Amino acid sequence: MIVTSIAAVAPNRAIGKNNKLPWHLPADLRFFRKLTTGHHVIMGRKTWQALPNGPLPNRVNVIISRSAIEVPEGVLVFKNLELALEWVFRQGETEAFIIGGAQIYQATMNIVDKMVLTEVDIEVEGDAFFPEWRDIDWEEDTRDAHPADEKNPHAYQFVTYLRKKKRRDAGRAWRPFDY
Ligand SMILES: NC(=O)c1ccc[n+]([C@@H]2O[C@H](COP(=O)([O-])OP(=O)(O)OC[C@H]3O[C@@H](n4cnc5c(N)ncnc54)[C@H](OP(=O)(O)O)[C@@H]3O)[C@@H](O)[C@H]2O)c1
C-alpha cells in the first residue's frame, strides 16, 4: 500500500481559513474526486465536520479523532493514525489518501510516499497550512498547468511529488511509522 497526501495549496501554503477552503475551484474538486474514488480517504475530525454534504461518496471515509464522535453508518473513526492505516492496509487497499487537514498532513508527512498538490495561484490569508518539506526528500514527477477560466477564477497546477527514498515497505506490507 502506498500512502498519498492530496491537498490544494496556496503559494504561502495556506489550505484553509475558518475551517473552510479559501477558494472555489470546481476543476480541483473534480480532480480530487477522480483520484480518490474507490479508495480509503483519511481525514481529521475538523475536516470531517467541514464536509458540506457528509461522507464523500464512493470512498471509505476514515476519521481520526481522540474523542467519541457520532458518525453515519459506514464511516469509520480511529483514535490514531497508526490504527487507521493498519486497518486500511488490511482491507487490501493499494493507495490510501490523506485528505487533511493541517494536523493530519503534518502528522503523516514522514510516512507518505506521494503528494498530489493543486498549487493554486491566489493570495490568501490562511489559518491552516500544508507542512513544509525538504526538497532533498522529494522530486517533482508531473506538473499540469491550467489558466483561470470562466468557472475556475484562479490559475492552478496539478503537481505530483514522489519521495526520493522509497519507504521500504511501500506497496508490499504495512509497518506503520517504521520509516
Ligand atoms: N486545501 C485542502 O486541500 C484542504 C484539505 C482538507 C482540509 N483543509 C482545511 O484544513 C483545515 C482543518 O485542518 P485542522 O488542522 O484544523 O484540522 P484537521 O487536521 O482536519 O482535524 C484536527 C483534528 O483531528 C484529530 N487529530 C489530529 N491529529 C490527531 C492524532 N495524531 N491522533 C488522533 N486524533 C488526531 C483531532 O480531533 P479531536 O479534536 O476530535 O480529537 C483534531 O482536533 C480547514 O480549514 C479545512 O478547510 C484544506
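What counts, and at which threshold
Residues numbered from 1 in each chain as written. Predicted model: local features only at pLDDT ≥ 70, side-chain atom pairs only at ≥ 80, totals over all residues. Heavy atoms only, no water. Salt bridge = Lys/Arg side-chain N within 4 Å of Asp/Glu carboxyl O. Helix = DSSP H or I, 4+ residues; strand = E, 2+ residues; numbered from the N terminus. Buried < 20%, exposed > 50% of the residue type's maximum accessible area, 1.4 Å probe, protein only.

(A) Broad picture of the pattern of salt bridges. As enumerated under the stated definition, the model contains six salt bridges in all. Residues K114 and E95 are paired through a salt bridge, measuring 3.3 Å at the closest nitrogen-oxygen approach. Of this pair, K114 sits in strand 7 (residues 114–120) while E95 is found in strand 6 (residues 95–98), placing the two residues 19 residues apart along the sequence. The class for E95 is buried, based on a relative accessible area of 15%. Residues E119 and R143 are paired through a salt bridge, measuring 3.1 Å at the closest nitrogen-oxygen approach. Of this pair, E119 sits in strand 7 while R143 is found in strand 9 (residues 138–146), placing the two residues 24 residues apart along the sequence. Relative accessible area serves as the criterion here: at 39%, R143 is assigned to the partly exposed category. Connected through salt bridges with shared partners, the residues E119, E140 and R143 form a single ionic network.

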